[in-house]
Amino acid sequence: MPLSRRKFFGLGASATTAMMLSSLETFAQEKHAFPAAKGFSLKIMATNWGFRGTTDEFCAKVKKEGYDGIELWWPGDQASRDELFTALKKHGLEVGFLCGGSSSNPQQHLTEFKTAVDAAANNTAQKPLYLNCHSGRDYFTFEQNQAFIDHTTQLAKKTGIRICHETHRSRILFAASVARQYMEKLPDLRLTLDISHWCTVHESLLGDQPETVALALDRTDHIHARVGHPEGPQVSDPRAPEWEGAVKTHIGWWDAIVEKKKKAGQPLTILTEFGPPDYMPTLPYTRQPLADQWAINVHMMQMLRKRYS
């Protein structure tokens, strides 16, 4: 029976905290039982999205929490790149880069994208574990968007870097049904699976598209571990019991990917990517976040490492 507001807050701080953590704690205690073939590795990355501080401060905090590395946008200027690579070396962290474009003109957008992704892949300061592409637009034609994928396919073969296209709203793979067309026609397409976006686009936990989801899980090399729901890309706090259904569904998808990678002896990277406002719900007027973004991401990292390592 659901608790009333009065009874909930009357439980006291320790009891309410234990209740809120119960959902993910239960999953964290369930080790992923599949044995790993030689070659499997798991790297869990931190996002700088919402972090207020210097690059060095961010990297120091990430290292202290126990992350393997960071994911952030490819820096557009040399000073920022120098600052980043100095901090990465100092704190012993891996890196994955986000690359994209912004123009509404398809050709200009492609040029912007190529400039960023080529620079990130060919930099000599530190080889990235992967490149994550915010590529194309949902309103570009299939052929216009295919040019982005074709470019990264060749670049990945040339550099040996995993290059993945993210299932993100407003981008090429914004919807499951649309992404399926690209997956079926382009066998070399690899994914960053942020399936929370598809939950929002299709206003469901995708129970009516199992074949498309299965195809996406097969193509995934990188995961953005955020829990979405039918009405939005981010639950307020995945530790809260009211989100147990969404949490279980997302972990089920991630379990399937990990199983495939363990059996194949292939590496996997995961980014914990619960975001700040306006992804994080806020109180009206004050815009106070309803939960602690950093704490949630650290909790996700610890849960995923315990479950899959």
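Residues numbered from 1 in each chain as written. Predicted model: local features only at pLDDT ≥ 70, side-chain atom pairs only at ≥ 80, totals over all residues. Heavy atoms only, no water.

Describing the sheet that holds strand β2 (residues 69–73)
Read around the barrel, eight strands follow the order β1-β2-β3-β4-β5-β6-β7-β8 and close on themselves; strand pairing throughout is parallel. Each neighbouring strand pair of the sheet contributes to a mean axis angle of 30°, computed without reference to strand direction. By the bridge criterion, three bridges tie strand β6 (residues 191–193) to strand β7 (residues 220–225) in an arrangement that is parallel. When the sheet's bridge partners are listed, T192 is paired in β7 with H222. (Pairing = 2+ DSSP bridges. Helix = DSSP H or I, 4+ residues; strand = E, 2+ residues; numbered from the N terminus. Axes fitted to C-alpha atoms, helices over the stretch in contact; angles between N-to-C directions.)

Looking at helix α11 (residues 293–308)
For α11, with 16 residues, the first-to-last C-alpha span of 22 Å sits near the 22 Å given by 1.5 Å per residue. Most of α11 sits out of view: 12 of its 16 residues are buried. Restricting attention to buried positions, one finds in α11 the residues Q293, W294, I296, N297, V298, H299, M300, M301, M303, L304, R307 and Y308. The opening residue of α11 is D292, an N-cap whose side-chain oxygen sits 3.1 Å from the backbone nitrogen of W294. (Expected span 1.5 Å × (residues − 1). Buried < 20%, exposed > 50% of the residue type's maximum accessible area, 1.4 Å probe, protein only. Polar contact = N/O pair within 3.5 Å; in protein donor to acceptor, adjacent residues only side chain to side chain.)

What about the packing of helix α6 (residues 142–159) against helix α7 (residues 176–185)?
Close contact between α6 and α7 brings their axes to 12 Å; oriented N to C, the two are set at 60°. Relative to α7, the element α6 lies oblique. When you trace α6 past α7, the crossing you get is right-handed. Only Q181, Y182 and K185 of α7 make contact with α6, whose side of the interface consists of F142, N145, Q146 and I149. Looking at the contact of α6 with α7 residue by residue, the class counts come to three nonpolar, three polar and one charged. (Parallel < 35°, antiparallel > 145°, perpendicular 65-115°, else oblique. Left-handed = near helix turned anticlockwise from the far one by under 90°. Contact = heavy atoms within 4.5 Å. Nonpolar A, V, L, I, M, F, W, Y, C, P; charged D, E, K, R; others polar.)

Digging into the pattern of salt bridges
When the charged atoms of two side chains lie near each other, side chains of opposite charge can form a pair. Across all of its chains, the model carries 14 salt bridges by this definition. A salt bridge links D255 to R307, with the nearest nitrogen and oxygen atoms 2.7 Å apart. Here R307 lies in helix α11 and D255 lies in helix α10 (residues 244–264), a separation of 52 residues in the sequence. A single network of salt bridges, built from pairs that share partners, joins R190, D221 and K261. (Salt bridge = Lys/Arg side-chain N within 4 Å of Asp/Glu carboxyl O.)

Things to note about the environment of Q144
Among the secondary structure elements, Q144 is positioned in helix α6. Polar side-chain contacts of Q144 include one of 2.9 Å to the backbone nitrogen of T141.

Things to note about helix α5 (residues 106–122)
The terminal C-alpha atoms of α5, which comprises 17 residues, lie 24 Å apart, in line with the 24 Å expected from a rise of 1.5 Å per residue. Where α5 is concerned, the buried positions are H109, L110, F113, A116, V117, A120 and A121. Along the axis of α5, the buried residues cluster in a sector spanning 140°; they form a single face. For α5, the exposed residues set more than 90 degrees away from the buried face come down to Q107 and T115. (Arc of directions from axis to C-beta.)

Concerning the environment of D255
Exposure remark for D255: the relative accessible area of 16% places this residue in the buried category. On a C-alpha basis, the gap between D255 and D82 in space is 37 Å, while along the polypeptide they are 173 residues apart. For D255, the contacting residues outside a window of four places in its chain are H32, R307 and Y308. Side-chain polar atoms of D255 contact the side chain of Y308, separated by 2.6 Å.

Some remarks on the nonpolar core
In terms of nonpolar packing, the biggest core is built from 77 residues, with I70, F97, Y182 and W254 touching the most fellow members. A total of eight residues in this core trace back to one element, the largest contributor, which is α11. The residues contacting I70, other than those within four sequence positions of it, are M45, A46, F58, C59, V62, L84, L88, L93, E94, V95 and G96. (Core = buried A, V, L, I, M, F, W, Y, C linked by side-chain atoms within 4.5 Å.)

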